[in-house]
Amino acid sequence: MLNEEYYDEDIVDNSVDECGDLADKEIRDARLLSLLTDAEKYRQQRAYGIEAQLLAHALKLKPDDPMIWNKLGRAHRAAGFLDKALECYEKALEMNREDPWAFGNIGAVYIAKEDFAKACDFYAKAVQLADLNQQQNDPDYAVILANYAFALGKNGDKRQAAKLLKEAEKLGYTGGAAVRKQLKLSIFDRLF
């Protein structure tokens with residue numbers, strides 16, 4: 001059941017008075033943390049509508065947080081609202097043009113839309129930024145590589161897809177067999 005305090009009107013007021021009222025800021029931060037924690041619980045339960053509602057309320061507290069926009073986009077994407085997801089990811093990119101995860105998330109939307117060429121463009125940028133920022137140890141990096149491999153394979157470049165998928169597996173990605181099956185990669189392709 002949703003906690004009614006999430007819907008109180010006072011959470012919309014994001015300002016801090018001239019004295020920097022620390023108590024109000026701490027209350028907002030606590031509410032934000034509670035919203036994000038609850039949203040994650042609903043994500044794990046695959047209750048994406050409730051997750052999206054909670055994240056939308058979190059954005060009322062912190063509208064300039066690209067991480068929250070990314071999470072809201074993920075909730076919309078999981079619920080099948082691809083255009084809403086794309087809007088959220090683009091908002092995250094407006095705030096941080098160096099965010100590889102936002103580029104990867106946009107790539108995932110284009111995979112869902114079966115626009116594999118566009119997906120490849122966004123995944124290429126995601127990989128470039130993650131490499132540039134040395135974020136290859138983030139578990140999401142392996143997922144980005146695997147999704148990029150899938151998009152490349154669907155776009156006709158199975159050799160490069162096989163290479164990226166192998167790299168993703170070295171980094172801990174466990175769904176390689178399913179991707180190979182979907183792309184109809186041969187045993188020969190695994191050598192690359």
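Since the structure is predicted, the reported quantities are computational estimates derived from the model, not experimental observations.

A. Broad picture of the overall build of the protein chain. A tally of helices and strands in the protein chain yields nine helices and zero strands. Relative to its 192 residues, the protein chain shows a buried fraction of 41%. At a minimum sequence separation of 6, the contacts of the protein chain that also span at least 24 residues come to 50%. As displayed, the protein chain offers around 10,900 Å² of accessible surface, 50% of which is attributable to carbon and sulfur atoms.

B. Region of the structure containing unusual backbone geometry. You will see that R46, though not glycine, has its phi angle at about 60°, which is positive. Within the secondary structure, R46 sits in the loop between α1 (22-44) and α2 (48-61). The class of R46 is exposed, set by a relative accessible area of 66%. Positive phi is not limited to glycine here, since K184 has a value of about 55°. Inspection of the secondary structure puts K184 in the segment after α9 (176-183).

C. Region of the structure containing the packing of aromatic side chains. Evaluation of the coordinates by the stated rule reveals four aromatic pairs. Measuring from centroid to centroid gives 6.2 Å for Y123 and Y148, while their planes differ by 25°, and the two rings are stacked. Linking Y123 in helix α6 (residues 116-132) with Y148 in helix α7 (residues 139-154), this pair joins segments that are 25 residues apart in sequence. Y148 carries the same exposure label as Y123, and that label is buried. By way of ring pairs, the aromatic residues F103, Y110 and F122 are connected into one cluster.

D. Structural view of the environment of K113. Assignment of secondary structure puts K113 in the loop between α5 (100-112) and α6. Given a relative accessible area of 37%, K113 falls into the partly exposed group. For the pair K113 and D83, spaced 30 residues apart in sequence, the C-alpha separation works out to 9.8 Å. Within the structure, K113 has its side chain in polar contact with the side chain of D83 (distance 2.6 Å).

E. Main features of the environment of Y173. Note that Y173 resides in the loop between α8 (158-170) and α9. Measuring from C-alpha to C-alpha, the distance between Y173 and D140 comes to 9.2 Å, with 33 residues separating the pair along the chain. If we ignore the near neighbours within four places in the chain, the residues touching Y173 are A142, V143, A146, L165, A168 and V179.

What counts and what doesn't
Residues numbered from 1 in each chain as written. Predicted model: local features only at pLDDT ≥ 70, side-chain atom pairs only at ≥ 80, totals over all residues. Heavy atoms only, no water. Helix = DSSP H or I, 4+ residues; strand = E, 2+ residues; numbered from the N terminus. Buried < 20%, exposed > 50% of the residue type's maximum accessible area, 1.4 Å probe, protein only. Contact = heavy atoms within 4.5 Å. Areas by Shrake-Rupley, 256 points an atom, 1.4 Å probe, with all protein chains shown as cover. Phe/Tyr/Trp six-rings, centres within 6.5 Å; stacked < 30°, edge-to-face > 60°. Polar contact = N/O pair within 3.5 Å; in protein donor to acceptor, adjacent residues only side chain to side chain.

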